[in-house]
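# Examination of the molecular architecture
Chain by chain, the residues:
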Amino acid sequence: MIGVFDSGVGGMTVARAIEQALPDYRLVYFGDLARTPYGSKSAATISRYSCQNVDFLLARGARIIVVACNSAASVATATLRATYDLPLFEVIGPAVAQAARLSTHGRVGVIGTRATIRSGVYEQLLQQQNAACRVFSAPCPLLVPLVEEGWLDKRETKMILRRYLAPLQQQQVDTLVLGCTHYPLLKELIQRRIGSRVRVIDSSKALAEELAAFLKANPEVAQTLNRRDEGDNLYYVSDVTEAATQTARRIFGRSIELHAATGTGDI
Ligand code: DGL
């Protein structure tokens, strides 16, 4: 199985992109709803939770891991790579590659949770790809709860976005990376606010394409994965809530059965 984890259901934006790019492969998802949000937690705690999430997915047959959560990808990728000997994909690399390629004047904005922005990982990786690139980042902690409440087109959400995006507009960014699982659901609003000349990047599709290319180039790994004709994709969460069920439906445009993750040891 392709194992995907996130701090909650926002990572389903990534799972949806993988389902679309790789419809023949079976996917198992874990959303750590009991301990969400990760974006306000320390790097040590996020890394510990991330290892437990990978253990959960491995126990359910995952042979490849996708870190869909930007906060986890920012601070736990090195630990995960050092701990687990299996192919691991995460959302930041593809976003950085796209931003470096598409930026017209080397002025890139990044928005994300506090943990992601504090890690400085986007700046570091973007500058590795293009030393002349200037990165302007802004933590946007209020956006996750707004998305989870389904406030996707409310006046209050627009006001908060205006406030968060104003400094990036002042810096005249030409590209804006959506560095959080939840922000693709606000993409239209963000695009309208930041202006049509700014390229808004959501890395889920690029990540799915990277994964598809990897499987094509590594048939011996692809062979170890379960196929969709063996069963449906499975969506586990560490706490089943009505709000999560609604957000999942909003993301996929269909109802998704959320299974309670039981017998998960530390989770
Ligand atoms: N999944 C998180 C991320 O992409 C957002 C929600 C959280 O803070 O846990 O950073």
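All values derive from a computational prediction rather than experimental measurement. (Residues numbered from 1 in each chain as written. Predicted model: local features only at pLDDT ≥ 70, side-chain atom pairs only at ≥ 80, totals over all residues. Heavy atoms only, no water.)

Contacts to the ligand come from 14 residues, most closely from Asp-6, Ser-7, Tyr-38, Gly-39 and Ser-71. Ser-7 places a polar side-chain atom, nitrogen or oxygen, 2.6 Å from an oxygen atom of the ligand. Within the side chain of Ser-71, one N or O atom sits 2.6 Å away from an oxygen atom of the ligand. Its free accessible area being 290 Å², the ligand has 98% of it covered by the protein chains. Split by residue class, the shell around the ligand holds five nonpolar, eight polar and one charged. (Near = heavy atom within 4 Å. Polar contact = N/O pair within 3.5 Å; in protein donor to acceptor, adjacent residues only side chain to side chain. Areas by Shrake-Rupley, 256 points an atom, 1.4 Å probe, with all protein chains shown as cover. Nonpolar A, V, L, I, M, F, W, Y, C, P; charged D, E, K, R; others polar.)

As a further point, take helix H10 (residues 204-217). Over its 14 residues, H10 extends 20 Å from the first C-alpha to the last, a length consistent with the 20 Å expected when each residue adds 1.5 Å. Those residues of H10 that sit buried are Ser-204, Ala-206, Leu-207, Ala-208, Leu-211 and Leu-215. Where H10 is buried, its residues touch strand E1 (2-6), helix H1 (12-21), strand E3 (64-67), strand E4 (88-90), helix H4 (92-102) and helix H11 (219-222). (Helix = DSSP H or I, 4+ residues; strand = E, 2+ residues; numbered from the N terminus. Expected span 1.5 Å × (residues − 1). Buried < 20%, exposed > 50% of the residue type's maximum accessible area, 1.4 Å probe, protein only. Contact = heavy atoms within 4.5 Å.)

With that out of the way, let us pick up the pattern of salt bridges. Under the defined criterion, the tally for this structure stands at four salt bridges. Of the charged contacts, one joins Lys-205 and Glu-209 as a salt bridge, the two residues approaching to 3.8 Å between their closest N and O atoms. Linking Lys-205 with Glu-209, this pair stays in helix H10, spanning four residues, or about one helical turn. (Salt bridge = Lys/Arg side-chain N within 4 Å of Asp/Glu carboxyl O.)

Take the side chain of Arg-35 next. As for its position among the elements, Arg-35 is in the loop between strand E2 (27-31) and helix H2 (43-59). Among the polar contacts made by the side chain of Arg-35, one reaches the side chain of Asp-32 at a distance of 2.7 Å.

Before going further, it helps to examine the nonpolar core. Ile-2, Phe-5, Met-12, Ile-18, Val-66, Leu-80 and Tyr-235 are the most contacted members of the largest nonpolar core, which has 72 residues in total. Sorting elements by how many residues they give to this core places H2 first, with six residues. Setting aside residues no more than four positions away along its own chain, Val-66 makes contact with Ile-2, Gly-3, Val-4, Phe-5, Val-14, Ile-18, Phe-89, Leu-207 and Leu-211. Among the nonpolar cores identified, the runner-up in size contains 23 residues, and Ala-138, Leu-146, Leu-161 and Val-200 belong to it. (Core = buried A, V, L, I, M, F, W, Y, C linked by side-chain atoms within 4.5 Å.)

Let us look at the environment of Ser-196. Mapped onto the elements, Ser-196 comes out in the loop between helix H9 (187-194) and strand E8 (199-201). You can call Ser-196 exposed: its relative accessible area is 72%. Considered as a pair, Ser-196 and Arg-227 are 31 residues apart in the sequence and their alpha carbons are 40 Å apart.

What follows covers the pairing of E1. In terms of residue burial, E1 counts as a mostly covered element, since five of its five residues are buried. Alternating positions in E1 separate into two faces, Ile-2, Val-4 and Asp-6 on one and Gly-3 and Phe-5 on the other, with burial throughout. Here five bridges tie E1 to E2, and the two strands are oriented parallel to one another. Counterpart to Ile-2 in the pairing with E2 is Leu-27. (Pairing = 2+ DSSP bridges.)

If you walk across this open sheet you meet the six strands as E4-E3-E1-E2-E9-E10, and the pairing is parallel. This sheet does not close on itself; its edge strands, each paired only once, are E4 and strand E10 (258-260). Strand-to-strand, the axes of this sheet are offset by a mean angle of 25 degrees, without reference to chain direction. As paired elements, strand E9 (residues 234-237) and E10 share three bridges and run parallel to each other. Residue pairing across strands places Val-237 opposite Ala-260, the latter belonging to E10. Against the sheet, helix H3 (residues 70-83) touches E1, E3 and E4, its axis set at about 165 degrees to E4. (Axes fitted to C-alpha atoms, helices over the stretch in contact; angles between N-to-C directions.)

Turning our attention to the packing of H1 against H10. Where H1 contacts H10, the two axes come as close as 8 Å, and the packing angle between them is 45 degrees. Between H1 and H10, the crossing angle belongs to the class labelled oblique. The crossing of H1 and H10 is right-handed. Touching Thr-13, Val-14, Ala-17, Ile-18 and Ala-21 of H1 are Ser-204, Lys-205, Leu-207, Ala-208 and Leu-211, all from H10. When grouped by side-chain class, the residues that make up the contact of H1 with H10 number seven nonpolar, two polar and one charged. (Parallel < 35°, antiparallel > 145°, perpendicular 65-115°, else oblique. Left-handed = near helix turned anticlockwise from the far one by under 90°.)

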